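# Per-entry structural report
What follows is each chain in one-letter form.
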Amino acid sequence: MAEEKPRVGVFVCRCYPTIAAVVDTDALADFAADLPGVVHVETTDYACLDEGREQIQRAIGEHGLNRVVVAACSHRTHESLFQRLMRQAGLNPYLLEMANIREHCAWPHVNDPTGATRAAKELVRLAVGRARLAEPVHKQILEPVRRALVIGGGVSGMTAALNIADAGYDVTLVEREPGLGGNLQHVYYVAEGDNPQRLLRDLTNRVMGHRRIGVLTRSEVIAHEGHVGAFRSTIRTAPTPGPSPDFRGGEAVEVEHGVTIIATGGREWRGDVYLLGGDERVLTSLDLEEIITHRPEQIVGLKEVVFIQCVRRPGAVEYCSRICCTNTMKNAIRIKLLNPGCQVIVLYRDIITYGFRERFYTDARERGIIFVRYDEAHMPQVQVDSDGRLEVVAWEPSLRQEIVLHPDLLSLSMPLEPSPGTERLARILDVPLSSEGFFMEAHLKMRPMDMAREGIFLCGMAHYPRFIEECIASAQAAAGRALTILSQPRLYFGGSVSVVDQSKCVGCLTCVRVCPFGIPRIQYSDTGVGGINGAAYIDAAFCTGCGTCSAECPAKAIQLVAYRDEQIMGMPLGSWVTG
Ligand code: SF4
Ligand code: SF4
């Protein structure tokens, strides 16, 4: 096909009135007929409808076309449709070019039909030029390994594992701790009143009893290689049981899997601030919940409890941990329920009780809980006074004066941070972290559960601090994304990806540095220009085809398939542009 003389067919879609009411489609067709390599031109009323596609397919056969240009709308919405048509007509789908004369001509130049037609001619001329130089592209085919690796056995990891296993695929669930459950083990009630321990028991029992889920506790991932559909991970299990696993000398097993889900969660930071760790009356939110649940008699005897919101980790990036304000509402309300006479004061910067959780803030105020705002210039101070009492000094903005409190308990809303080992795991998986240190999704809106590396997904607090139901929803979403791969009969790799001509590679590492996904590598077993040891290699299964490396390579050793230099640079601009 590549050696055949190009026989280009151009199909101009009228899409009346969207295109034809602005662009002179007949004049465009006449113009296209005179372009080099074009042997056939037709206009069609609606190229994407059945009749339009049949018309194109018929013309391909009748006129022996081996390249096709469709002048219509956006390739983003319609390219796959016309590529399918190419396959049905016996042509390689990469021999199709689209000229977007709707979004790029008719729509923006709706008040200038002459200009719109001129722009359409230029786009068709460029598309024909690219089509003449197009070569068939053949993708690699792979049957995915029908197993998921889920890293993290908290509520998110267990939910994701169950969703995948219930769909009929095997799961290996890896958890660093001796037991499943993660943070859920320390949550005894939520603001809405439900008991998360029942959820924990239910999830754990279902996971442990599921014939498709293999659970590895006291285990961690120490290597992860391969690509979507064919990953291989090494998992090491701590040799000795105990609450803090020591992985040294542990036994390692290899697992092959088609997808990976990161569900490593987060944890409450317990740093040395506001006397935490130095005075037993200073607690974190989780500590207080433990007392309220297991030793409520301690709460009954209290006269005053102070909460400090938005405790900062010195030197760390500042971010909202999202769930602390609601946790404070639930704990403060519980204290009032157990001990209505107790004075409860919340020192806050901003109360962020998301969505309908605002009602817990209202409820707290109605129960007499006092809220005092502080700002950067007036941070609360905590010390022990000469009588051994806990002393909290805060600025009361309404009174415009300092207030001094002597609480029996001080509860701190500590920031939630990524789980230990997150940075190391990110290096092993070769995926990025956000500035806050959590795993970072590929695109906040378009691919919120995907990592930039194909086949790796994330959910729960590994992504950012979330409530339990949000963790469950995100785990279901991540499992759904994973199932779109596991359920494919076969995966296709390649297409428009970058390819290195190693005989030109000087090993300058430019591509290694500029690739936003860290894909090019120097393979020292290969030979570069002039027989030097080492040349760049790009794995087609990883490359997203962004083209950054091919634009930057100083030796012109990299070409982006279907967007080769001559296809882009070889077509001079139209005379109407330069003239
Ligand atoms: S940028 Fe080009 S020359 Fe440099 S290492 Fe990569 S492929 Fe080789
Ligand atoms: S085309 Fe983009 S994703 Fe592919 S190797 Fe080059 S820079 Fe990386």
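The written sequence of each chain sets the order in which its residues are numbered from 1. To read the labels, note that chains go from A and ligands from 1, taken in the order they are written. The model is predicted, so local features are restricted to residues of pLDDT at least 70 and side-chain atom pairs to those at 80 or more, both for listing and for counting; the totals for chains, interfaces and linings are taken over all residues. Only hydrogens and water are removed before side-chain values are computed, so all heavy atoms of the structure are retained for them.

If you tally the helices and strands in the protein, you get 17 helices and 28 strands. Radius of gyration here is computed from C-alpha atoms only, and the compact-globule reference equals 2.2 Å multiplied by the residue count raised to the power 0.38. Radius of gyration (C-alpha) of the protein: 31 Å, far over the 25 Å computed for a compact globule of 579 residues. In terms of overall dimensions, the protein has C-alpha extents of about 95 × 60 × 45 Å along its principal axes. Every one of the 579 residues in the protein was classed for burial, and the buried ones make up 50%. The contact criterion used is simple: two residues touch if any of their non-hydrogen atoms lie within 4.5 Å. Here the contacts in the protein between residues at least 6 apart in sequence split such that 70% fall between residues at least 24 apart. Total accessible area on the protein is roughly 27400 Å²; 50% of this is exposed by carbon and sulfur atoms. Neither His nor the chain ends is counted toward charge; the positive residues are Lys and Arg and the negative residues Asp and Glu. By convention, charge coordinates are those of NZ in Lys, CZ in Arg, CG in Asp, or CD in Glu. A distance of 2 Å separates the average location of the 60 positive side-chain charges in the protein from that of its 69 negative side-chain charges. Counting from the N terminus, the helices are DSSP H or I runs at least four residues long and the strands are E runs at least two residues long. To sort residues, take the accessible area from a 1.4 Å probe on protein chains only and compare it with the maximum for the residue type: under 20% means buried, over 50% means exposed, and anything in between is partly exposed. All accessible areas in this document rest on Shrake-Rupley with a 1.4 Å probe, and a residue is counted as covered only by the protein chains that are shown.

To continue, consider the sheet that holds strand E16 (residues 343-348). Taken together, the 5 strands give an open sheet; going across it, the order is E14-E21-E15-E16-E17, and neighbouring strands pair in parallel fashion. Each edge of the open sheet is held by one strand with a lone partner, namely strand E14 (282-284) and strand E17 (370-373). Here the strands of the sheet are splayed against their neighbours by 25° on average, with no regard to which way each runs. If DSSP finds at least two bridges between two strands, the strands pair. Inspection of the sheet shows strand E15 (residues 304-308) paired to strand E21 (residues 409-412) by 4 bridges, in the parallel sense. Note on E21: the bridge partner recorded for Ile308 is Leu412. What counts as an axis is a line fitted to C-alpha atoms, over the stretch in contact for a helix, and the angles between N-to-C directions run from 0 to 180 degrees. Against the sheet, helix H8 (residues 285-294) makes contact with E14, E15 and E21, and its axis sits at roughly 95° relative to E14, the strand it touches most.

This part covers the packing of helix H10 (residues 324-338) against helix H11 (residues 358-366). Relative orientation of the contacting elements H10 and H11 amounts to 35°, with a least axis distance of 9 Å. Note on packing geometry: the crossing formed by H10 with H11 is left-handed. Contact residues: Thr326, Met329 and Ile333 in H10; Phe360, Tyr361, Asp363 and Ala364 in H11. Amino acids are sorted into nonpolar (Ala, Val, Leu, Ile, Met, Phe, Trp, Tyr, Cys and Pro), charged (Asp, Glu, Lys and Arg) and polar (every other residue, Gly among them). Residues belonging to the contact of H10 with H11 are distributed by class as follows: 5 nonpolar, 1 polar and 1 charged. Each crossing is labelled by how the near helix is turned from the far one, with a counterclockwise turn of less than a right angle marking it left-handed and a clockwise turn marking it right-handed.

So, on to the sheet that holds strand E6 (residues 147-151). Read from one edge to the other, the open sheet built from 5 strands follows the order E8-E7-E6-E12-E23, with strand pairing classed as parallel. Of all the strands in the sheet, just strand E8 (213-216) and strand E23 (456-458) have a single pairing partner and so form its edges. Going across the sheet, the axis of each strand differs from the next one's by a mean of 20°, ignoring polarity. Both E6 and strand E12 (residues 259-262) contribute to a ladder of 4 bridges, which runs parallel. Among the inter-strand pairings, Ile151 is bridged to a residue of E12, identified as Ile262. Contacting E6, strand E7 (170-174), E8 and E12, helix H6 (residues 155-166) runs over the sheet at an angle of about 165° to E7.

Attention now goes to the site of ligand 1. Working definition: residue near molecule or strand if any one of its non-hydrogen atoms lies within 4 Å of it. Looking at ligand 1, there are 13 residues lining it, with Cys505, Cys508, Leu509, Cys511 and Cys553 nearest. Split into classes, the residues belonging to the shell around ligand 1 amount to 11 nonpolar, 2 polar and no charged.

Once that is clear, we can look at the domain arrangement of the protein. Each assigned domain of the protein is listed with its residue range as follows: domain 1 (8-137), domain 2 (147-267 + 417-486), domain 3 (270-414) and domain 4 (494-561). Domains are outlined according to an automatic or database domain assignment. Placing a centre on the C-alpha atoms of domain 1 and another on those of domain 2 gives a separation of 47 Å.

For the rest of this paragraph, the subject is unusual backbone geometry. Put simply, Tyr16 and Pro17 share a cis peptide bond, and its omega is 0°. Tracing the chain through its elements places Pro17 in the loop between strand E1 (8-13) and helix H1 (25-33). Of note in this structure, Tyr274 is not a glycine but carries a positive phi near 50°. Positionally, Tyr274 belongs in the loop between strand E13 (266-268) and E14.

Any Lys or Arg side-chain nitrogen located within 4 Å of an Asp or Glu carboxyl oxygen qualifies as a salt bridge. Scanning the model with the defined rule gives 37 salt bridges in all. Its salt-bridge partner being Arg130, residue Glu97 comes within 2.7 Å of it at the nearest N-O pair. With Glu97 in strand E4 (residues 96-100) and Arg130 in helix H5 (residues 113-133), the pair connects residues that are 33 residues apart, well separated along the chain. Overall, the relative accessible area of 11% leaves Glu97 in the buried class. A salt bridge links Arg281 to Asp279, with the nearest nitrogen and oxygen atoms 2.8 Å apart. Among the residues examined, Asp279 registers a relative accessible area of 10% and is labelled buried. The network of salt bridges with common partners includes Arg176, Glu220, Arg236 and Arg424.

Attention now goes to the packing of aromatic side chains. To describe a pair of aromatic rings, one takes the distance between the centres and the angle between the planes. For Phe, Tyr and Trp, rings pair up if their centres lie within 6.5 Å, where Trp contributes its six-membered ring, and each pair is then called stacked (planes under 30 degrees apart), edge-to-face (over 60) or tilted (otherwise). For the structure on display, the rule yields 3 aromatic pairs. Judged by centre distance (5.8 Å) and plane angle (85°), the ring pair of Tyr319 and Phe438 falls under edge-to-face. Here Phe438 lies in the loop between helix H12 (422-429) and E23 and Tyr319 lies in the loop between E15 and H10, a separation of 119 residues in the sequence. Accessibility expressed as a relative area gives 26% for Tyr319, which makes it partly exposed. Geometrically, the ring pair formed by Tyr348 and Phe371 is edge-to-face, given 6.2 Å between the ring centres and 75° between the ring planes. Residue Tyr348 is found in strand E16, and its partner Phe371 is found in strand E17; the two are separated by 23 residues along the sequence. Assessed through its relative accessible area of 13%, Phe371 is described here as buried. Taken together, Tyr348, Tyr361 and Phe371 form an aromatic cluster joined through their ring pairs. Note on criteria: charge over ring means Lys NZ or Arg CZ within 6 Å of the ring centre, with the direction from the centre no more than 35 degrees off the ring normal. The ring of Tyr354 carries the charged tip of Arg322 above its face, separated from the ring centre by 4.6 Å. The side chain of Arg357 reaches across the aromatic face of Phe467, ending 3.7 Å from its centre.

Bringing the layout of surface pockets into the picture now. Space inside the second largest pocket adds up to approximately 1200 Å³. As for the second largest pocket, its lining consists of 37 residues, of which Glu79, Gln83, Tyr94, Ser496 and Tyr563 are closest to the centre. Residues of the lining of the second largest pocket, tallied by class, amount to 17 nonpolar, 12 polar and 8 charged. For the lining of the second largest pocket, the two domains that each supply at least three residues are domain 1 (8-137) and domain 4 (494-561). We place a 1 Å grid over just the protein atoms. Points where a 1.4 Å probe fits but has no way out form a cavity, open points with protein on both sides within 12 Å along at least 5 of 7 lines form a pocket, and any residue with an atom within 4 Å of a point lines it. Grid points are joined across faces, edges and corners, and a volume is the space filled by probe spheres set on the points.

What follows concerns the environment of Gly518. By the secondary structure assignment, Gly518 is in the loop between helix H14 (510-514) and strand E26 (521-527). Linking Gly518 and Tyr94, residues 424 residues apart in sequence, is a C-alpha distance of 26 Å.

Here E26 pairs with strand E27 (residues 533-537) via 4 bridges, running antiparallel. Among the inter-strand pairings, Ile522 is bridged to a residue of E27, identified as Ala536.

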